[in-house]
Amino acid sequence: MTTPFAQAQNWYKGNLHTHSLWSDGDDYPEMIMDWYKANGYHFIGLSDHNTFQEGERWIKVPRAPERRRGFERYLRTFGPDWVKYQTGPNDSLKVRLKPLSEYRSYFEEPGKFLILKSEEVSTGYQGKPIHINMTNVQNLLRPLPGNSVAEVMQNNIDAVVAQRRQTGQPMFPHINHPNFHYAITASDLMQLRHERFFEVFNGHPQVHNYGDSTREGTESMWDKINLHFLKQGRPLMLGLATDDSHNYHFFGPTFSNSGRAWVMVNAPDLKPNTIIEALEAGRFYATTGITLESLTQTATTLAFKIKAEPDVNYKIQFIGIRKGGEKAEILREMTGTEARYDITDEWLVRAKIISNKPKYNPFEPGDVETAWTQPIARLQPPQPLASVVPLPNGHAHNDYEQSRPLWDALDHGFTSVEADVYVQNDTLYVAHNRPAFWNSDRTLENLYLRPLAERIRQNKGKVYPNYNGPVYLMIDFKTGADNTYQALENLLQRYRSILTSCRGNRCQPGAVTVFISGNRPIETLKKAKERLASLDGRPADLGKGISPELMPVVSDSYGNQLNWRGQGPMPDDQFQKLKQLVQRVHKEGKKLRLWACPEDPAVWAKLREAGADFLSTDQLELVRDFLLTKGKP
C-alpha cells in the first residue's frame, strides 16, 4: 500500500527526562550529554529535581568503587584543565559540578544537538509523589502545594503557564510516570487545564507503565483521558516516552538507564521554539526503538511507513473509541511496514506498532521494541452550559492561549475574544508569534469561526441564548493589512449568516461582530461598499469623524495611558486622565479597551469606575467573578 503523503520530514530524537549529580542521578552532566550525543540524540531536557544546574556546587565523591571509577572516567574524558576537584585526608574527594552555562557550548551545535533547560518539579499529596517536568523553563519554579492530587498538579502547571506568558518563551509542563506508587489516576488527569502531555512510557523500573491486576496501565489511562477531553472540547492529551535516567554505572532491569525510550519530533529545525511547537502540534511519536520513515496525521487520517530492519516483523494496531462507546478497542490489526487509517465513526484513533525485536536493556524482561503515534480526532463542540451569565465587559486577551480556545471564554460568559492571525497562502493561522510551520488545526476557521457557528446553531441563532448585546471576535493582523484582509474577507463570506454586515454605516446586527486590530486595513474598509468586519481604533483616531459602525472599539496599551499598577490609592490625576479618555471614546459612541492591564482587582475596579468598557484579561475565572460581584461602575 502506498500512502499519498510524501513530504520532506526532519526528524529529531530527544529525551525529555534526565537526571544528573545535581539531584539524584549518579553521573556528571557532561558525561551524560556525551553519551546522548554520541548515541544519535538531537536534544535533551536535563531535568533535575527542584533545582537548576546553576551556581557554585561541590559534591563529595563516595568511596564506593563505581563512584570513584565514574570520577576517573570523567577526568580521563574531559581532562584536568576542565575537571575541578580537591583531595583531602582519609582519601576524601570533592568535585565541582559544572553549571549548564559552562558546559552548554561544549555540546551544543546548530542543527545537531540542543540542550533544553528543564526542571522536574517534585512534590506530593498525602504521601503520593507528584512529579511534573517543565521543559525549557527559564526561571526556577518552587513546588506548590494543594488540597488534592489534581489541585497540586494544577497549581504547578499554572505556575509554568504564567511564566510562559510573562517571559514570552516557549515552555510546557508534562506529567511524569502517573503510576509511580500509583499516585495519579486517570480521573486526576482529566481535571487538568493547560496540560497536553504525560508519559505513556517511562523507563524507570518502579513506575508500573503496564499497571497490575487491579490498576490500569498508562495506555488505558491515555484513551480514557482523551475521550473525556474530546467531549469537553479540549485539545488531546499527547503521550511521551522518556528514559527518566538516573543510573549510568550499572545496567539492568533494576536500574534507571539511558536509551530505554525517546520521542522523535518532526520539526523544521532544531531550536527550542520549533521543537516545542512541533510537540504541541502532535508532530511526533514515542518509541522504545522502532523508527518511522514517514508519519502524517490530520484530524481524520493517520498514515505512516516504518523504517524496517532486516528479519524484524511488525504488528500494527489501530486503537480507538467508537462513537457511542466508552472503551478503547483494537479497531484494526495488521502486519507490514505501511499503514493508513481514515476516521469515519470513531471518536479518536491512535496507532501502536509492536515489533518482534527484543528490546536491549528493557524496562521489563520480555519487552520488544514498540512505538506509539499520537491520537487523531475531529474536535467536538461541547454542549453550552446553562448557567453561564454573559459579561458585556469581558474581553479574553490572546484567547487562543487558553486551555480550551473559545470554549473557556464562552463558558465564563465573555462577550469579546481575541485571536492573532498570520496569512499564508490565503489561509489565516492563529498564533502570537509567527509559527515555525503552518498547522491546519490552528486556523481561524477551525479554532473560531466554525465553532462559533456550531454554538450559534446550538443556541438557535445566538452565542448566548438570553443575551441580545454584541459578541465580538477581535482579529489582530500580524501580517500585512491588505493581503491579510483579503484572506479574511474571503473566509467571512462563508460565515456571513452569523456575522454583523454593513453597507456604509447601515449595519445588520449578527450574532458575532468582527473587528480588526494590529495591521488595520483602514482605507480599504473606509472605501468598502459592503463589509463583514469593522476596525479597532486608537486614541489618535478620535475626532476624525470615523463612525462607531466602522470603528466600534477604541483600544490602547494600559502603559500608554497610566503607570499606576494597583499598589496604594490610584493618583487622582491618573484617574481623571482615564475618565477623560473614557468620555472622549463614549462621546463618539464607541467602547474603550485597554490591553496589558495589571491583572489586579484594584485596577479592574478603577477601570470600571471610570467607565472603561472592557477588562482585557488572561485570567478568565478571576475577571468573571469580579464582574459578577464588583464590576459595575
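Notes on the structure follow. Quick caveat: nothing in here was measured; it's all calculated off a predicted structure. (Residues numbered from 1 in each chain as written. Predicted model: local features only at pLDDT ≥ 70, side-chain atom pairs only at ≥ 80, totals over all residues. Heavy atoms only, no water.)

**Details of the overall build of the chain**
Short version of the rule: Helix and strand assignments follow DSSP, with helices taken as H or I runs no shorter than four residues and strands as E runs no shorter than two, numbered in order from the N terminus. For this measure, only C-alpha atoms enter the radius of gyration; the expected value for a globule follows 2.2 Å times N^0.38, where N is the number of residues. Partly exposed describes any residue whose relative accessible area lies between the buried limit of under 20% and the exposed limit of over 50%, with all areas from a 1.4 Å probe on protein chains only and scaled to the type maximum. Only the protein chains shown count as covering a residue, and every accessible area follows the Shrake-Rupley method with a 1.4 Å probe.
Counting its secondary structure elements, the chain contains 15 helices and 30 strands. A compact globule built from 633 residues would reach a C-alpha radius of gyration of about 26 Å, and the chain, at 27 Å, matches this within 12%. Summarising its shape, the C-alpha atoms of the chain cover approximately 85 × 65 × 45 Å along the three principal directions. Counting across all 633 residues of the chain, residues that qualify as buried make up 57%. Total accessible area on the chain is roughly 26,800 Å²; 48% of this is exposed by carbon and sulfur atoms.

**Brief notes about the sheet that holds strand E4 (residues 85-88)**
How we decide: If DSSP finds at least two bridges between two strands, the strands pair. Angles here are taken between N-to-C directions and fall from 0 to 180 degrees, while the axes themselves are lines fitted to C-alpha atoms, restricted in helices to the stretch in contact.
Taken in spatial order, the three strands line up as E3-E5-E4 in an open sheet, and their pairing is antiparallel. Only two strands of the sheet have a single neighbouring strand rather than two, namely strand E3 (58-60) and E4. Going from strand to strand, the sheet's axes swing by 20° on average, the running direction of each strand aside. With four bridges connecting them, E4 and strand E5 (residues 92-96) associate as antiparallel partners.

**Overview of the nonpolar core**
One recurring pattern in soluble globular proteins is that nonpolar side chains are buried together. Just so we agree on the cut-off: Only buried residues count toward a nonpolar core, which is a set of Ala, Val, Leu, Ile, Met, Phe, Trp, Tyr and Cys residues joined through side-chain atoms within 4.5 Å. Contacts are assigned to residue pairs with any non-hydrogen atoms lying within 4.5 Å of each other.
Within the largest apolar cluster, 71 residues are counted, with the highest numbers of intra-cluster contacts made by Leu-444, Tyr-448, Leu-473, Val-512 and Leu-607. The contacts of Tyr-448, once residues within four sequence positions are left out, are Asp-399, Tyr-400, Pro-405, Leu-406, Val-417, Glu-418, Ala-419, Val-430 and Leu-473. Core analysis: the next-biggest nonpolar cluster, separate from the first, contains 49 residues, Met-33, Val-83, Val-95 and Val-349 among them.

**Quick look at the pattern of salt bridges**
Put simply, the rule reads: Note on definitions: salt bridges are taken to be side-chain nitrogens of Lys or Arg within 4 Å of carboxyl oxygens of Asp or Glu.
One pass over the structure, following the stated rule, counts 38 salt bridges. Ionic pairing is found between Arg-193 and Asp-158, a salt bridge with its closest N-O pair at 3.5 Å. Residue Arg-193 is located in the loop between helix H5 (186-190) and strand E9 (197-202), and its partner Asp-158 is located in helix H4 (residues 149-167); the two are separated by 35 residues in the primary sequence. Classification of Asp-158 as partly exposed rests on a relative accessible area of 27%. The partner of Asp-212 in a salt bridge is Arg-215, and the shortest N-O contact between them spans 2.8 Å. Among the residues examined, Asp-212 registers a relative accessible area of 33% and is labelled partly exposed. Arg-215 gets classed as partly exposed once you look at its relative accessible area, which sits at 41%. Overlapping salt bridges, with partners in common, bring together Glu-56, Arg-96, Lys-98 and Glu-102 in one network.

**Details of the packing of helix H13 (residues 572-587) against helix H14 (residues 601-610)**
Stated formally: When describing relative orientation, an angle under 35 degrees is termed roughly parallel and one over 145 degrees roughly antiparallel, while 65 to 115 degrees is termed roughly perpendicular and anything else oblique. In this scheme the crossing of two helices becomes right-handed for a clockwise turn of the near helix relative to the far one and left-handed for an anticlockwise turn of less than a right angle. When residues are sorted by character, Ala, Val, Leu, Ile, Met, Phe, Trp, Tyr, Cys and Pro go into the nonpolar class, Asp, Glu, Lys and Arg into the charged class, and all the rest, Gly among them, into the polar class.
Look at H13 against H14: their axes get within 9 Å of each other, and the N-to-C directions meet at 45°. With respect to their mutual orientation, H13 and H14 come out oblique. With respect to the hand of their crossing, H13 and H14 are arranged in right-handed fashion. The segment H13 lies against H14, with Phe-575, Leu-578, Lys-579 and Val-582 engaging Lys-606, Leu-607, Glu-609 and Ala-610. In terms of residue class, the contact of H13 with H14 is made up of five nonpolar, no polar and three charged.

**Focus on the side chain of Asp-536**
Applicable threshold: Any N or O atom pair separated by 3.5 Å or less is treated as a polar contact, with the protein-specific requirement of one donor-capable and one acceptor-capable atom, and with residues adjacent in sequence counted only for side-chain atom pairs.
By the secondary structure assignment, Asp-536 is in strand E27 (residues 533-537). A relative accessible area of 0% places Asp-536 in the buried class. In this structure the side chain of Asp-536 is engaged in a polar contact, spanning 3.0 Å, whose partner is the side chain of Arg-538. Here the side chain of Asp-536 touches Ser-555 through a polar contact of 2.6 Å, side chain to side chain. Setting aside residues no more than four positions away along its own chain, Asp-536 makes contact with Met-474, Phe-515, Ile-516, Ser-517, Arg-520, Met-551, Val-553, Val-554, Ser-555 and Arg-593.

**Re the state of the cysteines**
The following threshold applies: Counting rule for disulfides: a pair of cysteine sulfur atoms within 2.5 Å.
A full pass over the atoms with the stated rule returns one disulfide. Covalent S-S linkage joins Cys-502 and Cys-507, the inter-sulfur distance amounting to 2.1 Å. The sign of the 105° torsion about the S-S bond sets the Cys-502-Cys-507 disulfide as right-handed. The buried category is assigned to Cys-502, whose relative accessible area is 5%.

**Describing the packing of aromatic side chains**
Filter applied, for reference: Here a Phe, Tyr or Trp ring, Trp counted by its six-membered ring, pairs with any other such ring whose centre lies within 6.5 Å, and the pair is stacked when the planes are under 30 degrees apart, edge-to-face when over 60, and tilted otherwise. By definition, being over a ring means that NZ of Lys or CZ of Arg is both within 6 Å of the ring centre and within 35 degrees of the ring normal.
Applying the stated rule across the entire model yields 28 aromatic pairs. Centroid distance Phe-201 to Phe-363: 5.5 Å. Interplanar angle 70°. Geometry classified as edge-to-face. One end of the pair, Phe-201, is in strand E9; the other, Phe-363, is in the loop between strand E18 (346-358) and strand E19 (368-373), with 162 residues separating them in the sequence. Among the aromatic residues, those joined into a ring-pair cluster are Tyr-28, Tyr-74, Phe-78, Trp-82, Tyr-103, Tyr-106 and Phe-107. Just above the ring of Trp-262 sits the side chain of Lys-13; from NZ or CZ to the centre is 4.1 Å. When the ring centre of Trp-82 is taken as reference, the NZ or CZ atom of Lys-98 above it lies at 4.4 Å.

**Some thoughts on the environment of Gly-239**
Relative to the assigned elements, Gly-239 resides in strand E10 (residues 238-242). Sequence separation of Gly-239 and Glu-219 is 20 residues, and the distance between their C-alpha atoms is 8.8 Å.

**Brief notes about the packing of helix H1 (residues 29-38) against helix H2 (residues 65-78)**
Closest axis-to-axis distance for the H1/H2 pair is 10 Å, and the angle between their directions is 70°. Considering the angle they form, H1 stands roughly perpendicular to H2. Along this stretch, H1 crosses H2, giving a crossing that reads as left-handed. On H2, the residues touching Glu-30, Met-31 and Asp-34 of H1 are Arg-73, Tyr-74, Thr-77 and Phe-78. Of the residues that constitute the contact of H1 with H2, the class distribution is three nonpolar, one polar and three charged.

**Quick notes on the pairing of strand E16 (residues 329-335)**
Looking at chain direction, strand E15 (residues 314-322) and E16 are connected through six bridges and run antiparallel. In the strand pairing of E16, Gln-317 is matched with Glu-333. Between E15 and E16, which pair antiparallel one after the other, the connecting turn spans six residues, and Gly-324 there sits at a positive phi close to 90°.

**Overview of the sheet that holds strand E14 (residues 301-306)**
Taking strand neighbours across the sheet as the criterion, the three strands line up as E13-E14-E17 in an open arrangement whose pairing is antiparallel. With partners counted over all chains shown, the strands left at the sheet margins are strand E13 (292-297) and strand E17 (338-342), one partner each. Between one strand axis and the next, the sheet turns through 5° on average, direction left out of account. By the bridge criterion, five bridges tie E14 to E17 in an arrangement that is antiparallel. Residue pairing across strands places Thr-301 opposite Asp-342, the latter belonging to E17.

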